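Notes for the structure review
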Amino acid sequence: WIEKAKTFYFFGFFEGETGEKAPWILRPSITFPIAFAVVGAGFWVTFALGGISERGTQVKDELDDIVLSYAIVKNTLVLAFAEMSK
């Protein structure tokens, strides 16, 4: 079964099924840095033009109340057990 598995072709972006080399523009050493540069430049432009901002005060919702009340109950129980173990 190992010999049969060696003949399987798994899809790849940068090589053909025949094993031929991809054109130079599609080599990962070129395309990945270009992709990161484009995404980074897009982020910078979006941020510079005010597309990313934080406004207003933090909103408190029901989940915050549940989490905070759980922390209070937990701390109370820990203190109670600490007092009992003295």
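**What about the overall build of the chain?**
Along the chain, the regular secondary structure elements total three helices and zero strands. Going from N to C terminus, the chain has its helices and strands arranged as α-α-α. Of all 86 residues assigned to the chain, the portion counted as buried reaches 2%. On the chain, roughly 8,400 Å² of surface is accessible, and the fraction owed to carbon and sulfur atoms is 69%.

**Overview of the packing of aromatic side chains**
One pass over the full model with this rule turns up one aromatic pair. When the centroid spacing of 6.4 Å and the interplanar angle of 15 degrees are considered together, the rings of Phe43 and Phe47 count as stacked. Linking Phe43 with Phe47, this pair stays in helix H2 (residues 28–48), spanning four residues, or about one helical turn.

**Side note on the confidence of the model for the chain**
Across the chain, pLDDT averages 79, with 84% of residues at or above 70. Ranking the elements of the chain by mean pLDDT puts helix H1 (residues 2–6) last, at 74, and H2 first, at 91.

**Some remarks on H2**
Spanning 21 residues, H2 covers 29 Å between terminal C-alpha atoms, matching the ideal 30 Å at 1.5 Å per step. Phi turns positive one or two residues past the end of H2, at Gly50, with a value near 85 degrees.

Procedures and definitions
- Residues numbered from 1 in each chain as written.
- Predicted model: local features only at pLDDT ≥ 70, side-chain atom pairs only at ≥ 80, totals over all residues.
- Heavy atoms only, no water.
- Helix = DSSP H or I, 4+ residues; strand = E, 2+ residues; numbered from the N terminus.
- Buried < 20%, exposed > 50% of the residue type's maximum accessible area, 1.4 Å probe, protein only.
- Areas by Shrake-Rupley, 256 points an atom, 1.4 Å probe, with all protein chains shown as cover.
- Phe/Tyr/Trp six-rings, centres within 6.5 Å; stacked < 30°, edge-to-face > 60°.
- pLDDT = per-residue confidence, 0-100.
- Expected span 1.5 Å × (residues − 1).

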